Amino acid sequence: MRCPGDELLQMFTEGELDPAAGEIVKVHLRGCSRCQAAVARYKQLLWDLEHPEEPPLPPELVEQEHRLMQAWAEEHKAVRQRRRALRLVPAWAGYGILWTRYVPPVERFGRFLSRTGRSLLASRVPFARRLLEGRR
Amino acid sequence: MAADSDIVRLCQQGRSEGFALLLEEYQGRVYRRAYSFLRHREDALDVTQEVFLRAVRAIGHFQSDRPLWPWLRQVTTRACLNYIRDHRQGPPTVSLDNVLAQGELAAAEGDPEQHALLAWDRAMLEQALASLPPVQRMVVVLRHQEHLSYGEIAQLLDLPLGTVKTYLFRARQALIRAMQQAAVD
């Protein structure tokens with residue numbers, strides 16, 4: 001049997017081959033030292049990759065934590081303000097309903113004003129005439 | 001160690017203790033993952049900050065019964081991908097200080113000869129990983145450190161499944177070649 005390609009050997013090492021193909025590769029490996037060496041190399045590489053040396057945490061992360069906590073506080077201050085404003089919506093809606101229901105419409109209000117004005121004028125005109133005549 | 005559901009619940013109540021716990025549990029982990037993707041300390045710090053700034057805005061809508069790490073890992077991966085796209089540059093180099101520090105750390109524990117060899121191998125592997133194209137490196141990290149399936153990696157990086165397999169194969173071949181070359185030198 002010809003040697004399987006490197007891609008197949010990598011998949012075999014990872015256990016990603018289907019069982020039938022895996023069996024064929026296993027049989028081949030028994031008699032091929034070149035492929036055995038390749039699988040050993042892949043195994044070593046996978047082990048090294050799966051056990052990485054963790055990089056040390058930089059001290060700047062502490063400073064960054066303070067900045068992020070500030071960002072959190074600012075964001076939540078804005079959220080609280082929005083919530084408070086939203087809580088007032090029902091109050092504003094009730095006030096609006098009361099206004100439209102119980103306050104006389106503008107027209108009626110205008111008529112009321114003009115009537116009052118006319119009567120005021122009518123009452124004041126004779127008084128003004130009398131004043132003028134008296135001066136003469 | 002605080003449970004994810006408690007962290008999410010406290011954050012959603014707008015309590016700063018919740019966010020402090022989130023940072024305590026995950027800031028280091030996000031930094032390390034970003035570092036393994038980008039292989040650059042300052043870039044990894046920038047990405048960590050970006051991830052948590054997004055978390056500030058998004059955690060309010062997070063389902064409290066879901067674990068946090070898959071979500072943070074996804075945000076970190078996307079942020080690193082964007083970072084790589086926005087700052088296209090040559091392969092980063094591994095700092096000599098890091099390599100020496102690893103050697104000293106290893107030599108301080110147990111058999112110095114064995115550990116010096118191990119540290120040297122590690123340094124070579126780190127260098128080989130750093131010289132990989134960034135997206136191939138991300139695929140390797142997601143596969144071997146996060147233990148995601150090919151399908152999950154394809155979904156996370158928005159790549160076809162075949163491309164993920166090809167990238168993994170090429171990356172591992174390149175790593176083997178680099179390490180063989182280093183051994184010969």
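For clarity, every value in this text was computed on a predicted model and none was experimentally measured. (Residues numbered from 1 in each chain as written. Chains lettered and ligands numbered in written order. Predicted model: local features only at pLDDT ≥ 70, side-chain atom pairs only at ≥ 80, totals over all residues. Heavy atoms only, no water.)

The helix and strand tally for chain A stands at 6 helices and 0 strands. Mapped in sequence order, the helices and strands of chain A form the string α-α-α-α-α-α. The globule rule puts the C-alpha radius of gyration for 136 residues at 14 Å, and the 46 Å found for chain A is more than 25% above it. Along the three orthogonal principal directions, the C-alpha set of chain A runs to about 140 × 45 × 25 Å. Burial analysis of chain A (136 residues in total) assigns 22% to the buried set. (Helix = DSSP H or I, 4+ residues; strand = E, 2+ residues; numbered from the N terminus. Rg over C-alpha atoms; globule rule 2.2 N^0.38 Å. Buried < 20%, exposed > 50% of the residue type's maximum accessible area, 1.4 Å probe, protein only.)

What follows covers the overall build of chain B. Looking only at helices and strands, chain B has 9 helices and 0 strands in total. Reading chain B from its N end, one meets helices and strands in the order α-α-α-α-α-α-α-α-α. Counting every position in chain B, which comprises 185 residues, the buried fraction comes to 46%. Partitioning the intrachain contacts of chain B with sequence separation of at least 6 by distance along the chain shows that 64% fall at a separation of at least 24. Accessible surface for chain B amounts to roughly 9,300 Å². Of this, 50% is attributable to carbon and sulfur atoms. (Contact = heavy atoms within 4.5 Å. Areas by Shrake-Rupley, 256 points an atom, 1.4 Å probe, with all protein chains shown as cover.)

What follows concerns the interface of chain B and chain A. With 42 residues of chain B at the contact, the number on the chain A side is 35 residues. With both chains or domains summed, chain B and chain A bury close to 3,700 Å², and 61% of this area falls on carbon and sulfur atoms. In this assembly, chain B and chain A are joined by 5 salt bridges. Our count for the chain B to chain A interface comes out at 15 residue pairs in polar contact (both at pLDDT 80 or more). Taken together, the elements giving at least two residues each to the side of chain B that touches chain A come down to α1 (4-12), α2 (16-38), α3 (41-58), α5 (96-108), α6 (112-130), α7 (134-144) and α9 (161-184) of chain B. (Buried area = accessible area lost by both parts, 1.4 Å probe. Salt bridge = Lys/Arg side-chain N within 4 Å of Asp/Glu carboxyl O. Polar contact = N/O pair within 3.5 Å; in protein donor to acceptor, adjacent residues only side chain to side chain.)

What follows is about the packing of aromatic side chains. Residues and elements named next belong to chain A. Under the defined criterion, the tally for this structure stands at 5 aromatic pairs over all chains. Ring centres of Trp92 and Tyr95 lie 6.3 Å apart, and the angle between their planes is 80°; this geometry places the pair in the edge-to-face category. Here Trp92 and its partner Tyr95 are both found in helix α5 (residues 89-102), 3 residues apart, which amounts to about one turn of the helix. A relative accessible area of 58% means that Trp92 is categorised as exposed. (Phe/Tyr/Trp six-rings, centres within 6.5 Å; stacked < 30°, edge-to-face > 60°.)

Between side chains of opposite charge, a pair can form as their charged atoms come close. A complete count under the given rule lists 14 salt bridges over all chains for this structure. When the shortest N-O distance is used, the salt bridge between A:Glu14 and B:Arg143 registers 2.6 Å. A residue pair is termed interchain when its members come from two chains, as with A:Glu14 in helix α1 (residues 6-14) and B:Arg143 in helix α7. For B:Arg143, a relative accessible area of 10% puts it in the buried group. A single salt-bridge network, built from bridges that share partners, covers A:Glu14, A:Glu16, B:Arg143 and B:Arg172.

This part is about the packing of helix α4 (residues 60-87) of chain A against α2(B). Across the interface, α4(A) lies against α2(B) with an axial gap of 11 Å and an inter-helix angle of 140°. As judged from the angle between their axes, α4(A) and α2(B) are oblique. As α4(A) runs across α2(B), the sense of the crossing is right-handed. Between α4(A) and α2(B), the contacting residues are A:Leu61, A:Gln64, A:Glu65, A:Leu68, A:Met69 and A:Trp72 on the first element and B:Ser16, B:Phe19, B:Ala20, B:Leu23, B:Gln27 and B:Tyr31 on the second. Looking at the contact of α4(A) with α2(B) residue by residue, the class counts come to 8 nonpolar, 3 polar and 1 charged. (Axes fitted to C-alpha atoms, helices over the stretch in contact; angles between N-to-C directions. Parallel < 35°, antiparallel > 145°, perpendicular 65-115°, else oblique. Left-handed = near helix turned anticlockwise from the far one by under 90°. Nonpolar A, V, L, I, M, F, W, Y, C, P; charged D, E, K, R; others polar.)

Before going further, it helps to examine the side chain of B:Arg143. Looking at B:Arg143, its side chain comes within polar contact range of the side chain of A:Glu14, at 2.6 Å. Within the local environment of B:Arg143, its side chain forms a polar contact with the backbone oxygen of B:Leu148, the two atoms lying 3.0 Å apart. Dropping the residues within four chain positions of it, B:Arg143 is found in contact with A:Glu14, A:Glu16, B:Leu148, B:Ser149, B:Tyr150, B:Ile153 and B:Leu168.

Right, let's talk about the packing of α7(B) against helix α8 (residues 150-157) of chain B for a bit. Two quantities define a packed helix pair, namely the angle between the axes and the distance from one axis to the other. Residue and element names in this part refer to chain B. It is at 10 Å that the axes of α7 and α8 come closest, and there the two elements cross at 135°. As far as their axial angle goes, α8 and α7 are oblique. Regarding α7 and α8, the two cross each other, and that crossing is right-handed. In contact with Met138, Val139, Leu142 and Arg143 of α7, α8 contributes Tyr150, Ile153, Leu156 and Leu157.

A few words on a positive patch on the surface. A surface patch of positive charge is lined by A:Lys77, A:Arg80, A:Arg82, A:Arg83, A:Arg84 and A:Arg87. Checked against the element boundaries, A:Arg80 lands in helix α4. (Patch = residues over 30% accessible without salt bridge, like charges linked within 9 Å, V, L, I, M, F, W, Y side chains within 5 Å. Lys, Arg positive; Asp, Glu negative; His and termini not counted. Charge placed at Lys NZ, Arg CZ, Asp CG, Glu CD.)

This part covers α8(B). Every buried residue of α8(B) is listed here: B:Tyr150, B:Ile153, B:Ala154, B:Leu156 and B:Leu157. When α8(B) is viewed along its axis, its buried side chains cluster within an angular range of 165° and face the same direction. Check the buried side of α8(B) and you find it contacts α1 of chain A together with α4 (68-86), α7 and α9 of chain B. Looking one or two residues beyond α8(B), the residue adopting positive phi is B:Asp158, at roughly 60°. (Arc of directions from axis to C-beta.)

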